[in-house]
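# Coordinates in review
Given next are the chains, with one letter for each unit.
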Amino acid sequence: MPEEKIIVLMGSPRDLHFAAKIKDFLEKEKFQINCIYNVASAHRTPEKLLNDLKEYEKSGDSIVYITVAGLSDALSGVVAGYTRHPVVACPPDSEKHGGAKVFSSTAMPKGIPVAYVAKPENAALVAVRIFAISNSDLRKSLDKFKQKMAKNVYKGAEEVKKLVQKKDVNRLTV
């Protein structure tokens, strides 16, 4: 039976600190999806990258690739050009490079789609939502997550209301 997997491809081992937030988020929120990490550079080791992708594609599993690569981010485009699965670019240097990073990660030729998500937790959530289309257990988990998020907003609104009434806005903890 095909398994749902998030394959996190990093351009360098230095990207692991940033990329680890993907699996951390899945575990914290109890989303039951296997998350696999690998390093392969589109520039330095294109043969390794293509060989790794061949193996992932042969598995028959449902896959969402999350690419974590800095500088030119050729990794996202090469992966998207090779696979039929969704590719989410989540560069570790988005804040540093801003709009230039969005361009280098997403300016692909027609037919080579790459989604761009700046925060690794949101990249994980995009993958969860994709898998939840056909997985009712993940849909239920997503509903619980959304309820938790909403509860936090309502709780925060109540706390703000109380603090404003007391004229004690410096004590806000939310």
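What comes next is a walk through the structure. Quantities reported herein were computed from a predicted structural model and do not represent experimental measurements. (Residues numbered from 1 in each chain as written. Predicted model: local features only at pLDDT ≥ 70, side-chain atom pairs only at ≥ 80, totals over all residues. Heavy atoms only, no water.)

Once that is clear, we can look at the layout of surface pockets. Of the pockets and cavities examined, the largest pocket occupies roughly 280 Å³. What lines the largest pocket is a set of 16 residues, among which Gly 11, Arg 44, Ala 69, Gly 70 and Leu 71 lie closest to the centre. Among the residues making up the lining of the largest pocket, the classes are represented as six nonpolar, six polar and four charged. (1 Å grid on protein atoms, 1.4 Å probe; cavity = no way out; pocket = protein on both sides within 12 Å on 5 of 7 lines; lining within 4 Å. Points joined across faces, edges and corners; volume = space filled by probe spheres on them. Nonpolar A, V, L, I, M, F, W, Y, C, P; charged D, E, K, R; others polar.)

This paragraph deals with unusual backbone geometry. In this structure, Lys 30 takes a positive phi of about 60 degrees despite not being glycine. Structurally, Lys 30 can be placed in the loop between helix 1 (16-28) and strand 2 (34-39). Using a relative accessible area of 61% as the deciding quantity, one classes Lys 30 as exposed. (Helix = DSSP H or I, 4+ residues; strand = E, 2+ residues; numbered from the N terminus. Buried < 20%, exposed > 50% of the residue type's maximum accessible area, 1.4 Å probe, protein only.)

The next thing to look at is helix 1. For helix 1, with 13 residues, the first-to-last C-alpha span of 18 Å sits near the 18 Å given by 1.5 Å per residue. Restricting attention to buried positions, one finds in helix 1 the residues Phe 18, Ala 19, Ile 22, Phe 25 and Leu 26. (Expected span 1.5 Å × (residues − 1).)

Pairing in this open sheet of five strands is parallel, and the strands run 2-1-3-4-5 from one edge to the other. In this open sheet, the two strands that pair with only one neighbour each are strand 2 and strand 5 (115-116). Set on the sheet, helix 6 (residues 120-132) makes contact with strand 1 (4-10), strand 3 (62-68) and strand 4 (87-89); between it and strand 3 the angle comes to about 165 degrees. (Pairing = 2+ DSSP bridges. Contact = heavy atoms within 4.5 Å. Axes fitted to C-alpha atoms, helices over the stretch in contact; angles between N-to-C directions.)

In this structure the tally under the stated criterion is four aromatic pairs. With a centroid separation of 5.7 Å and an interplanar angle of 85 degrees, the aromatic rings of Phe 25 and Phe 145 are classed as edge-to-face. With Phe 25 in helix 1 and Phe 145 in helix 7 (residues 136-166), this pair connects stretches of sequence that are 120 residues apart. Summarising the burial analysis for this pair, Phe 25 and Phe 145 share the class buried. Following the ring pairs from residue to residue traces out a cluster consisting of Phe 25, Phe 31 and Phe 145. (Phe/Tyr/Trp six-rings, centres within 6.5 Å; stacked < 30°, edge-to-face > 60°.)

Locating Glu 29 in the fold gives a position in the loop between helix 1 and strand 2. On the basis of relative accessible area, Glu 29 is assigned to the buried category, the value being 13%. Sequence-distant contacts of Glu 29, that is, excluding residues within four places in its chain, are made with Phe 145 and Lys 148.

The next point concerns the pattern of salt bridges. Tallied over the full model, the rule gives five salt bridges. With a closest N to O distance of 2.8 Å, Lys 5 and Asp 61 form a salt bridge. Taken together, the residues span a long stretch of sequence, with Lys 5 in strand 1 and Asp 61 in the loop between helix 2 (46-58) and strand 3 at a distance of 56 residues. Note that Lys 58 is salt-bridged to Glu 55, the shortest N-O span being 3.1 Å. (Salt bridge = Lys/Arg side-chain N within 4 Å of Asp/Glu carboxyl O.)

Its 13 residues give helix 2 an end-to-end C-alpha distance of 18 Å, which sits within 8% of 18 Å, the value for a rise of 1.5 Å per residue. Looking at helix 2, one finds that the buried residues are Leu 49, Asp 52, Leu 53, Tyr 56 and Glu 57. The arc that holds the buried residues of helix 2, viewed along the axis, is 135 degrees, so those residues lie on one side. Exposed positions of helix 2 whose direction lies more than 90 degrees from the buried face are Glu 47 and Lys 58. Those residues of helix 2 that are buried lie in contact with strand 1, strand 2, strand 3 and helix 3 (74-82). Downstream of helix 2 by one or two residues, Gly 60 has phi in the positive range, about 75 degrees. (Arc of directions from axis to C-beta.)

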